[in-house]
Amino acid sequence: QVQLVESGGGLVQAGGSLRLACAASGRIISSAAMGWFRQAPGKEREFVAAITWSGSSPYSADSVKGRFTISRDNGKNTVSLQMNSLKAEDTAVYYCAARPFPISTKYQDYIYWGQGTQVTVSS
């Protein structure tokens, strides 16, 4: 019933910026959690940021706080992740996820996932 499609990944130099977008379709309640996760080769999937479908309660991981901003465009059914001051350690596949429950930082709690988009930061 719910489909998520990420876009905006690419190759950037350290200190640069990138904006990811997650286009959502299907039946989504206003209180549903929309999250961004990332996974580097050989590492566990990591929470990045989350927001409700209505655009309230934005929350970011300490590792990206002050550099990344999550937002919701209600008119276009899109959740965005603005990434600034990128570092080499930000390199990973970034995934958009959703669940019809409150915001969680655990990837195991999300039931809908996009295909992922690669972000590579060169130093």
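Residues numbered from 1 in each chain as written. Predicted model: local features only at pLDDT ≥ 70, side-chain atom pairs only at ≥ 80, totals over all residues. Heavy atoms only, no water.

Visitor: What exactly am I supposed to notice about the environment of C22 here?
Guide: By secondary structure assignment, the location of C22 is in strand β3 (residues 18-26). Once the C-alpha coordinates of C22 and C96 are considered, the two residues, 74 residues apart in sequence, prove to be 6.2 Å apart. Each residue touching C22, except ones within four places of it in the same chain, is listed here: L4, V5, E6, W36, N77, T78, V79 and C96. (Helix = DSSP H or I, 4+ residues; strand = E, 2+ residues; numbered from the N terminus. Contact = heavy atoms within 4.5 Å.)

Visitor: Could you clarify how one ought to interpret the state of the cysteines in this entry?
Guide: Two cysteines joined by a covalent bond between their sulfur atoms form a disulfide. Per the stated rule, a full pass over the model turns up one disulfide. C22 shares a disulfide with C96; S-S distance 2.0 Å. The sign of the -75° torsion about the S-S bond sets the C22-C96 disulfide as left-handed. Placement of C22 in strand β3 and of C96 in strand β9 (residues 92-99) is noted, with a sequence separation of 74 residues between them. Judged by relative accessible area, C22 falls into the buried class, the value being 1%. According to the relative accessible area criterion, C96 is buried, its value standing at 1%. (Disulfide = S-S within 2.5 Å. Buried < 20%, exposed > 50% of the residue type's maximum accessible area, 1.4 Å probe, protein only.)

Visitor: Looking at this structure, I do not really get the packing of aromatic side chains. What am I missing?
Guide: Note on aromatic pairs: each is described by the distance of the centres and the angle between the planes. Summed over all chains, the structure comprises six aromatic pairs. Centre to centre, the rings of F37 and Y110 are 5.1 Å apart; their planes meet at 70°, and the pair counts as edge-to-face. With F37 in strand β4 (residues 33-39) and Y110 in the loop between β9 and β10 (112-113), this pair connects stretches of sequence that are 73 residues apart. Each member of the pair, F37 as well as Y110, is classed as buried. Here the aromatic cluster, defined as three or more aromatic residues joined through ring pairs, consists of F37, F47, Y59, Y95, Y110 and W113. The ring of Y95 carries the charged tip of R45 above its face, separated from the ring centre by 4.1 Å. One residue, R72, lies across the ring of W53, its end atom 3.4 Å from the ring centre. (Phe/Tyr/Trp six-rings, centres within 6.5 Å; stacked < 30°, edge-to-face > 60°. Lys NZ or Arg CZ within 6 Å of the ring centre and 35° of its normal.)

Visitor: Which parts of the structure should I look at to understand unusual backbone geometry?
Guide: In this structure, N77 is a non-glycine residue whose phi angle is positive, near 50°. Relative to the helices and strands, N77 resides in the loop between β7 (68-73) and β8 (78-83). On the accessibility criterion, N77 (35% relative accessible area) is partly exposed. At S85, a position not held by glycine, the phi torsion is positive, near 50°. Examined against the element boundaries, S85 turns out to sit in the loop between β8 and β9.

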